[in-house]
Amino acid sequence: MKQLFSQAELEAIADALGNTDAGLKGTEIEMLIATCGMTDPGPITKRNRIYNAFAESQNRRRDRTRVLGFIRHAMKPARYVREPGRYEPMRTNLNFALAFAGLTVTEAGELQPVAVATTLSEAQQRANELRCDLETRGVHADVLVFCRAELVADDYFHAVQEAVKSVAAKMRAKTGLKDDGSILVDRALGGTPPMIAINPLSSESELSEQRGFANLVRGTFGMFRNPTAHEPRIHWPMSKGDAQDLLTLVSLIHRRLDASHMPARG
């Protein structure tokens, strides 16, 4: 493992951690700088405060140990138990920056080495290749929007996870429900009649198909848990082939939802 981050890498990491919408709070930055034994440049912009602390520590010590320590402390999932929705957006931004340093933060908050991305176009190329392959398969347009560089810079897991979340969003939009996961599936696709029906429900075969579709959606949600859950998922390194297959499955679910109807309810 190399000993120093480049200036550009430090800037990218600081930008991710100090992001206005999905980054650390000022009080958190102050505490983390103190915890890691860095010199605090004071209450300037969050990005600059983090970058200056990182640069000073690395230049003075001639190693990046305390910078890595800051990242590890900042990305401990337990810190976000009260605000779990903050964790994944910040981790996604951070991993896009770390990809160019050959590192990634897992969902368990651990730093692990990955293949180094040397240019922005490499991450973009991966996204474009995935999108091209899926377009050839005729994948639903609502799935293709998740083939983005920031989602595949580390691996393909996040593209699939976000696509699965779009299924839940579509079900909520159709029904007005606020639930998620298996509860959403049970309320939207279960019942007699269900809120969302994928066929006329006029025969035992069609009723069985409805139940099977509900089980398919429930299982898909189960594989990709809502990132706002209190327990962090185990990181799942995913190949391009796995991503293609899973995104094709999500595409099927989207198409069936688009063609569904909402039976009258007494």
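Looking at this model, I keep getting lost on the overall build of the protein. Mind explaining?
In terms of regular secondary structure, the protein is built from twelve helices and two strands. Reading the protein from its N end, one meets helices and strands in the order α-α-α-α-α-β-β-α-α-α-α-α-α-α. For the C-alpha atoms alone, the extent of the protein along its principal axes is close to 75 × 40 × 25 Å. The 266 residues of the protein split such that 48% are buried. Within the protein, contacts between residues at least 6 apart in sequence are counted, and of these 61% link residues at least 24 apart. Total accessible area on the protein is roughly 12,800 Å²; 54% of this is exposed by carbon and sulfur atoms. Across the protein, the centroid of the 34 positively charged side chains sits 4 Å from that of the 32 negatively charged ones.

How do you make sense of the nonpolar core when you look at a structure like this?
Side chains that are nonpolar tend, in soluble globular proteins, to be buried together. Within the largest apolar cluster, 39 residues are counted, with the highest numbers of intra-cluster contacts made by Val160, Val167, Met171, Leu189, Val217, Phe221 and Met238. Ranked by residue count, the leading element in this core is helix α9 (residues 157-175), at eight residues. Once you skip the residues sitting within four places of it in the chain, Val160 turns out to touch Phe224, Met238, Ala243, Leu246 and Leu247. The next biggest cluster of nonpolar side chains, apart from the first, holds 33 residues, and it includes Leu17, Ala53, Leu68 and Leu111.

Even after reading the chapter, I still don't get the packing of α9 against helix α12 (residues 240-258), so can you show me in this structure?
When two helices pack together, their arrangement is given by the angle between their axes and by how far apart the axes lie. At a closest axis distance of 9 Å, the pairing of α9 and α12 adopts a crossing angle of 10°. The angle between the axes of α9 and α12 places the two elements in the roughly parallel class. Side by side, α9 and α12 meet where Ala159, Val160, Ala163, Val164, Ser166, Val167, Lys170, Met171 and Lys174 of the first sit next to Ala243, Leu246, Leu247, Val250, Ile253, His254, Leu257 and Asp258 of the second. Residues of the contact of α9 with α12, tallied by class, amount to twelve nonpolar, two polar and three charged.

Mind showing me how you'd approach helix α2 (residues 26-35) here?
Where α2 is concerned, the buried positions are Glu28, Ile29, Leu32 and Ile33. Take α2 and look down its axis: the buried residues cluster within an arc of 130°, on one side only. Among the exposed residues of α2, those pointing more than 90 degrees away from its buried face are Thr27 and Ala34. Residues of α2 that are buried in the fold lie against α3 (46-61) and α4 (65-74). Two residues or fewer past α2, Gly37 is found with a positive phi of approximately 70°.

What's the story with the packing of α9 against helix α11 (residues 204-223) in this structure? I'm lost.
Closest axis-to-axis distance for the α9/α11 pair is 9 Å, and the angle between their directions is 130°. It follows from the interaxial angle that α9 and α11 lie oblique. By crossing handedness, the relation of α9 to α11 is classed as left-handed. The residues of α11 that touch α9, namely those facing Val164, Val167, Ala168 and Met171, are Val217, Thr220 and Phe221. The class makeup of the residues in the contact of α9 with α11 is six nonpolar, one polar and no charged.

Calculation criteria
- Residues numbered from 1 in each chain as written.
- Predicted model: local features only at pLDDT ≥ 70, side-chain atom pairs only at ≥ 80, totals over all residues.
- Heavy atoms only, no water.
- Helix = DSSP H or I, 4+ residues; strand = E, 2+ residues; numbered from the N terminus.
- Buried < 20%, exposed > 50% of the residue type's maximum accessible area, 1.4 Å probe, protein only.
- Contact = heavy atoms within 4.5 Å.
- Areas by Shrake-Rupley, 256 points an atom, 1.4 Å probe, with all protein chains shown as cover.
- Lys, Arg positive; Asp, Glu negative; His and termini not counted.
- Charge placed at Lys NZ, Arg CZ, Asp CG, Glu CD.
- Core = buried A, V, L, I, M, F, W, Y, C linked by side-chain atoms within 4.5 Å.
- Axes fitted to C-alpha atoms, helices over the stretch in contact; angles between N-to-C directions.
- Parallel < 35°, antiparallel > 145°, perpendicular 65-115°, else oblique.
- Nonpolar A, V, L, I, M, F, W, Y, C, P; charged D, E, K, R; others polar.
- Arc of directions from axis to C-beta.
- Left-handed = near helix turned anticlockwise from the far one by under 90°.

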